[in-house]
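Here is how the chains run, residue by residue.
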Amino acid sequence: MHERGLAPAGLRRRRFIETGLAAAASLALGDGRAAARDAPVLKLGPPQPFSFERLRRRAQQMAVRPYQAPRSPDRRILQQIDYDEHGRLKFDPRAALYADGPGRYPVTFFHLGRYFQVPVRMHAVSAGNAHELLYDPALFSMSPHSPAQVLGEHTGFAGFRLQESRFSDQYPLPWQANDWAAFLGASYFRAIGDGFQYGLSARGIAIDVALAERPEEFPAFTEFFIEAPANERDAPRVHALLDGPSVCGAFQFRLVRDAGVTMDVQCHLWLRRPVQRFGIAPVTSMYWYSEKSRRMGVDWRPEVHDSDGLAIWTGGGERLWRPLNNPAQIMVSAFGDRDPRGFGLLQRDRNFENYLDGVHYERRPGLWVEPLGPWGRGAVELVEIPTDDETHDNIVALWVPAQQPTPGQELALRYRLHWQAAEPDPLPVARCIATRIGRGGEPGQAAPEGSVRFVVEFFGGRLAELPFGILPEAVISASRGTLPVSVAEPVPNGRAGHWRVRFDLLAPGSGPVELRLYLRDRGDAASETWLYQYHPPQRAG
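Just so it is clear, the model here is predicted, and its values are computed rather than measured. (Residues numbered from 1 in each chain as written. Predicted model: local features only at pLDDT ≥ 70, side-chain atom pairs only at ≥ 80, totals over all residues. Heavy atoms only, no water.)

Caption draft 1: Highlighting the overall build of the protein. When you go through the protein residue by residue, the secondary structure sums to 4 helices and 36 strands. Counting over 541 residues, the protein shows a buried share of 55%. Considering only intrachain contacts with a sequence separation of at least 6, the fraction spanning at least 24 residues in the protein is 71%. Approximately 23,200 Å² of the protein is accessible, and the part contributed by carbon and sulfur atoms is 51%. (Helix = DSSP H or I, 4+ residues; strand = E, 2+ residues; numbered from the N terminus. Buried < 20%, exposed > 50% of the residue type's maximum accessible area, 1.4 Å probe, protein only. Contact = heavy atoms within 4.5 Å. Areas by Shrake-Rupley, 256 points an atom, 1.4 Å probe, with all protein chains shown as cover.)

Structure (structure tokens):
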């Protein structure tokens, strides 16, 4: 993989996230009564009939024709619009789309630059018609010496973002214009959660992720159709045309700004040619290191990650938790299922002292994918890619159907994306809240060579209701090796329902070991199932 998240390779992802909200908050939307003497005007093209069904038929017709790559303005000029220069190209909020509409969620736009070189056509939708939004350099603040001055009037936009309503109770002052959702780069998009932070990203589709024999393909949203809410209680809708060498499709997003952000997604997809890994509802995040792998980190901070685990709610009702790894080589894990109830990448460690970073990793949202209807047989696949810093997303979770579509066959799906701190459905059992790894054996005794100690912590659920003297049973298994030591015990901190399991693994050899653990109370599961892929350290010689 080369382009991940909203920031393609080469752009320092940390800086993008750190400054994104601050830059947006600096935009003064005003109250609509300010003089418009010097305000630029967002110009509209002639009306064209529009409906999502029309867009769906258009995508279907495009899928039988050869792919045509979009054209960009002079790339030599775009290369000069680096990260810093791009940050200075701010859209004038006085020209925001729908600033005074029923929903009052203003829409502002991103400029093209070095990292976003392909223009995306933007349209405003109302009364069954779409009006294309016409680029004008006057819409952006730019210095007389900015390379963007040379691009001309037909440059186009790179993406867009939805700002908070000027009348939202999320912020005490009406002029604060924090954005809460953004679509920028290929088919990437993201939203803030209840911690008011961006973090991980979603994508429209993922094609051939992490295959050795062929490069990954990055289909792109080439056109957006932005529809204002019909009334104060309605939510904005965004329609998008997806196009790429192997796939074409139509997407509809209904975006709800609540405690976090919820998106209802409807998509219709057609392949132009066969692919090997067809990834549905892909979620992309970053994991460098955490408490279980601190010795591998070279940074001063205790932990650095946007997500620390993959959560799955299987079609059979089992809850799974798989802590993330930063492996030495690309690893792909598949969790077979039928009609999953949900999956997502989550950030469960919410303690600032475990990060000590001003970008507030502890506030990063999780992203939970909830299928709306049966998805059939397939697998949630987890792709873990080596990284030596935090600047690139290296984790992907996606649904891969067992029966992949063939060229010309329509695949229609509906699902809901929850951008919030945790899964939307409360767990009836204890959650895994920490995984720690160290040297095996007992104090004062020589540890067997290759022995490793795992300490897995669980909290909540029925563990908080255990009668005095009742101990849960730790059910542990390993794909290879032996488990000579295992103990389930309460964590000695006085918190009811906080338990941990200590166990040793002795597994000679260098191959990975698949571990599985859950707590059982009087025959029933008392915790979610902890899964882990352990990679023994490589020994020299």
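On we go.
Caption draft 2: Focus on the pairing of strand β24 (residues 342-346). Counting buried positions along β24 gives 5 out of 5 residues, so the element sits mostly inside the fold. Bridging between strand β21 (residues 309-313) and β24 involves 5 bridges; their strand directions are antiparallel. Considered in β24, the bridge of Ala311 is made with Gly344. As judged from the 3 bridges shared by β24 and strand β25 (residues 366-371), these two strands associate in the antiparallel manner. Paired with Leu345 across the strands is Leu367, a residue of β25. (Pairing = 2+ DSSP bridges.)

Caption draft 3: The arrangement of empty space enclosed by the protein in detail. Under the counting rule described, the total for this entry stands at 3 cavities of 30 Å³ or more. The volume enclosed by the largest cavity comes to roughly 120 Å³. In terms of lining residues, the largest cavity is bounded by 13 residues, among which Glu291, Asp308, Ile433, Ala434 and Thr435 are the most central. Put simply, the parts of the chain that give the lining of the largest cavity at least two residues each are β22 (319-323) and β29 (431-439). By residue number, the principal contributor to the lining of the largest cavity is β29, which donates 4 residues. In terms of residue class, the lining of the largest cavity is built from 5 nonpolar, 2 polar and 6 charged. (1 Å grid on protein atoms, 1.4 Å probe; cavity = no way out; pocket = protein on both sides within 12 Å on 5 of 7 lines; lining within 4 Å. Points joined across faces, edges and corners; volume = space filled by probe spheres on them. Nonpolar A, V, L, I, M, F, W, Y, C, P; charged D, E, K, R; others polar.)

Caption draft 4: Structural context of the layout of surface pockets. Here the largest pocket defines a volume of roughly 760 Å³. For the largest pocket, the lining is made up of 31 residues, of which Pro70, Pro119, Arg121, Thr222 and Glu223 are closest to its centre. Per-class residue counts for the lining of the largest pocket are 14 nonpolar, 6 polar and 11 charged.

Caption draft 5: Region of the structure containing the packing of aromatic side chains. Applying the stated criterion across every chain yields a total of 29 aromatic pairs. Summarising the aromatic geometry, the rings of Tyr135 and Phe157 are spaced 5.8 Å apart at their centres and angled 70 degrees between planes, so their arrangement reads as edge-to-face. Separated by 22 residues along the polypeptide, Tyr135 in the loop between β7 (129-133) and β8 (140-141) and Phe157 in the loop between β8 and β9 (159-163) bring together distant segments of the chain. By relative accessible area, Tyr135 is classed as buried at 9%. Judged by its relative accessible area of 1%, Phe157 is buried. For the cation-ring pair, Arg348 lies above Trp321, with the distance from its terminal atom to the ring centre recorded as 3.8 Å. (Phe/Tyr/Trp six-rings, centres within 6.5 Å; stacked < 30°, edge-to-face > 60°. Lys NZ or Arg CZ within 6 Å of the ring centre and 35° of its normal.)

Caption draft 6: Highlighting the pattern of salt bridges. Under the counting rule described, the total for this entry stands at 37 salt bridges. Its salt-bridge partner being Arg277, residue Glu381 comes within 3.0 Å of it at the nearest N-O pair. Of the two residues, Glu381 sits in strand β26 (residues 377-384) while Arg277 sits in the loop between β17 (261-271) and β18 (278-285), which places them 104 residues apart along the sequence. Note on Arg277: relative accessible area 14%, which makes it buried. (Salt bridge = Lys/Arg side-chain N within 4 Å of Asp/Glu carboxyl O.)

Caption draft 7: Structural context of helix α2 (residues 52-62). Looking at α2, one finds that the buried residues are Phe52, Leu55, Arg56, Ala59 and Met62. Down the axis of α2, the buried side of the element spans an arc of 125 degrees, and every buried residue falls inside it. Buried-residue contacts for α2 involve β14 (220-227), β15 (237-243), β16 (247-257) and β17. (Arc of directions from axis to C-beta.)

Caption draft 8: A look at the environment of Phe224. Along the polypeptide, Phe224 turns up in strand β14. Since its relative accessible area comes to 3%, Phe224 is described here as buried. Separated by 18 residues in the primary sequence, Phe224 and Leu242 have C-alpha atoms spaced 9.4 Å apart.

Caption draft 9: Broad picture of the sheet that holds strand β32 (residues 486-490). Taken in spatial order, the 4 strands make up an open sheet running β29-β30-β33-β32, and their pairing is antiparallel. Looking at the sheet topology across the chains shown, the edges are occupied by β29 and β32. Going from strand to strand, the sheet's axes swing by 15 degrees on average, the running direction of each strand aside. Where β32 and strand β33 (residues 498-506) come together, 5 bridges link them in antiparallel fashion. Bridging from a neighbouring strand, Glu489 pairs with Arg500 of β33. (Axes fitted to C-alpha atoms, helices over the stretch in contact; angles between N-to-C directions.)

Caption draft 10: Representation of unusual backbone geometry. In this structure, Asp208 is a non-glycine residue whose phi angle is positive, near 55 degrees. Relative to the helices and strands, Asp208 is located in the loop between β13 (205-207) and β14. The class for Asp208 is buried, based on a relative accessible area of 2%. In this structure, His360 is a non-glycine residue whose phi angle is positive, near 60 degrees. Positionally, His360 belongs in the loop between β24 and β25.

Caption draft 11: Examining the side chain of Glu362 more closely. Summarising the element assignment, Glu362 is placed in the loop between β24 and β25. For Glu362, the side chain forms a polar contact with the side chain of His360, separated by 2.7 Å. Beyond its immediate stretch of four places on either side in the chain, Glu362 contacts Asp349, Arg350, Asn351, Phe352 and Tyr355. (Polar contact = N/O pair within 3.5 Å; in protein donor to acceptor, adjacent residues only side chain to side chain.)

Caption draft 12: Layout of the environment of His418. Locating His418 in the fold gives a position in strand β28 (residues 411-420). Classification of His418 as buried rests on a relative accessible area of 8%. For the pair His418 and Pro365, spaced 53 residues apart in the sequence, the C-alpha separation amounts to 9.2 Å. Within polar-contact distance, the side chain of His418 engages the side chain of Glu370 at 2.8 Å.

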